[in-house]
Amino acid sequence: MQLSETVKVYPTEYQKTLIIETMTEYMDTVNSLVSDAVSGHSIAKTTTADINANLPSALANQCIRDAKSIVRKHYKFCHKAVLKNRSLAKCGSAVRTKAPNLPILRKPCCYINNQNYKIKDNCMEFPVMINGKSKRISVLIKLTERQKSLFSDEKFGTMRIVIKNHRLVAQIVYEIAESELRTDGNIMGIDLGIKCPAVSYCSDGSVKFYGNGRRNKYMRRHYAYLRKKLQTFKKIKSVKRINDKEQRIMRDIDHKLSHDIVETAVAHNVKVIKLEQLQNIRSTTRTSRKNNHSLHTWPFYRLAQFIKYKSKLAGISVEYVNPAYTSQTCPICGSVHHAEDRNYTCECGFHIHRDLLGAINICNSTEFVGNRQTA
C-alpha cells in the first residue's frame, strides 16, 4: 500500500530561489505539453530532446509522464460527457452536460521520482539547474521520530515539492506492507450518518458511538456564515482561506473517527468491517431546506476510504452492503417502518436507537455489493 508523509523543508535563500525556479519551469512545461496535445500535436513519442525546458533530464521526463496522464484523464471525462449527452438526447431532455475545461497546473510544483532524490539523516538531495547544468543540492529537512522510523525501512515513491502556507514542503510517497487479512474473528457493522457520524455494532454485542454530529454541523454553519460575510465585501482570498481551514478541520475529524473505529475493531478481534454502499445518496434522499446543506457537505466517501485503508493496515477486510431499509427493518420480526426521530419502536415491542439499528442490520446483512465505495 502507498501512503504519503509531509516533510518540512528548510532551504537557504539561494536554494529556495533555485527550487522555486525549478517548480515554475516544471509547471510551465507540463501546461505547454498538455496544450500541444489537446491542440492536435501528439506527445505519445515526445522525449526530453523534443522539449525546450530548463530542467534536469529526470524532471523533464517526469513532465512528459504527467502531461500524458493529464491528457488521458481529460479525454476520459470528455468521453463521459459525450455519452451522457447522448443519453439525455435519447430521453428527449434539452439539458446538456458541458465538456470539462482543459486541466492545467495553476500552482508551482515539482514531481521527482524515487531514483532522483535521497533522504539521509536530516538532509534531502535532489537535482536542480544551476547555470544551465544539472546539479544536486542538499536541503535541510525536519523529520519527526515517526517519520525517521518509517523512512528507515520502507521503499520510497514519487516526491512532490509544493508551497503550503508560504512555506516549502515535500510530500513523499512510500510503500508499506499490508498485514495479512484475518480469517477468524467477529464482524462489525458501521452506520454512517450526519447527526451521529458513526455507530459500530460488533457480532460479540459491543456497541460504540463516534463523534459529535451537532458540533460538526455547528462548525459547517459557522464557516458558511463567515464565507457569506466575506463574499459581501468581495474578500476572495479570505473566502478561500476560510474554506481551506474548514476542510482541514473536517479532514482531521474524519482521520480521528476512522482511527477510533479501526482501533475498536482490533480490540474486539474483528475480521470484517461492513459499510453501506452509499452510491447516489445525495440524489435519492429526501431533502429539505433544513438539512440540504448538511447532506451535500457530508463527506461519507472520505470517511469510508479512511476506514478502508486503515483497516487494511490492521489486517481487517472491508465489505459494502446494500443500505436499503437498514434503519427501518426490525431485526427481531423483520417488519419495516419508519422511526420517530432517533427512536425506533417496533410493533413486536423491540425498541432501539435508529442509528444503532442501522449498524446491527449492516452487521447482519448478507446483501454483499462489492468492496468498493462510489462517491
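For the structure itself, consult the block above.
Computed from a predicted model, the values in this text were never measured in an experiment. (Residues numbered from 1 in each chain as written. Predicted model: local features only at pLDDT ≥ 70, side-chain atom pairs only at ≥ 80, totals over all residues. Heavy atoms only, no water.)

1. Regarding the nonpolar core
One finds Ile-119, Phe-126, Phe-151, Met-159 and Ile-172 to be the most contacted residues of the largest nonpolar core, which totals 45 residues. Setting aside residues up to four positions removed in sequence, Phe-126 forms contacts with Ile-19, Ile-112, Asn-116, Tyr-117, Lys-135, Arg-136, Ile-137, Val-139, Met-159 and Ile-161. In this structure, Leu-192, Ile-242, Leu-257 and Ile-261 belong to the second largest nonpolar core, which totals 23 residues. (Core = buried A, V, L, I, M, F, W, Y, C linked by side-chain atoms within 4.5 Å. Buried < 20%, exposed > 50% of the residue type's maximum accessible area, 1.4 Å probe, protein only. Contact = heavy atoms within 4.5 Å.)

2. A look at the pattern of salt bridges
Inspection of the entire model under this criterion finds 8 salt bridges. For the salt bridge of Arg-342 with Asp-355, the shortest nitrogen-to-oxygen distance reads 2.8 Å. Highlighted residues: Arg-342 in the loop between strand 12 (317-321) and strand 13 (343-345) and Asp-355 in helix 9 (residues 354-364), separated in sequence by 13 residues. As far as the burial class goes, Arg-342 and Asp-355 line up, both buried. Three or more residues joined by partner-sharing salt bridges are found here, namely Arg-220, Arg-227 and Glu-246. (Salt bridge = Lys/Arg side-chain N within 4 Å of Asp/Glu carboxyl O. Helix = DSSP H or I, 4+ residues; strand = E, 2+ residues; numbered from the N terminus.)

3. Remarks on the packing of helix 4 (residues 213-232) against helix 5 (residues 236-267)
It is the contact of helix 4 with helix 5, at a shortest axis distance of 9 Å, that shows an interaxial angle of 170°. As the angle between them shows, helix 4 and helix 5 are arranged roughly antiparallel. Facing Arg-215, Asn-216, Met-219, Arg-220, Tyr-223, Leu-226, Arg-227, Leu-230 and Gln-231 of helix 4, the residues of helix 5 in contact are Ser-238, Val-239, Ile-242, Asn-243, Lys-245, Glu-246, Gln-247, Ile-249, Met-250 and Ile-253. Taken together, the residues that form the contact of helix 4 with helix 5 break down as 9 nonpolar, 5 polar and 5 charged. (Axes fitted to C-alpha atoms, helices over the stretch in contact; angles between N-to-C directions. Parallel < 35°, antiparallel > 145°, perpendicular 65-115°, else oblique. Nonpolar A, V, L, I, M, F, W, Y, C, P; charged D, E, K, R; others polar.)

4. What about unusual backbone geometry?
Leaving glycine out, the prevailing phi sign among residues is negative, and the prevailing peptide bond configuration is trans. Residues other than glycine seldom take positive phi values, yet His-166 does so here, at roughly 65°. Accessibility expressed as a relative area gives 74% for His-166, which makes it exposed. Although it is not a glycine, Tyr-325 adopts a positive phi angle of roughly 65°. Looking at where Tyr-325 falls in the secondary structure, it is placed in the loop between strand 12 and strand 13. Residue classification places Tyr-325 among the exposed residues on the basis of a relative accessible area of 52%.

5. Some details on the environment of Pro-103
With respect to the helices, strands and loops of the structure, Pro-103 is situated in the loop between helix 2 (57-90) and strand 2 (110-112). Spatially, the C-alpha atom of Pro-103 lies 44 Å from that of Thr-183, the residues being 80 residues apart in sequence. Aside from chain neighbours lying at most four places away, what touches Pro-103 is Val-34, Ile-70 and His-74.

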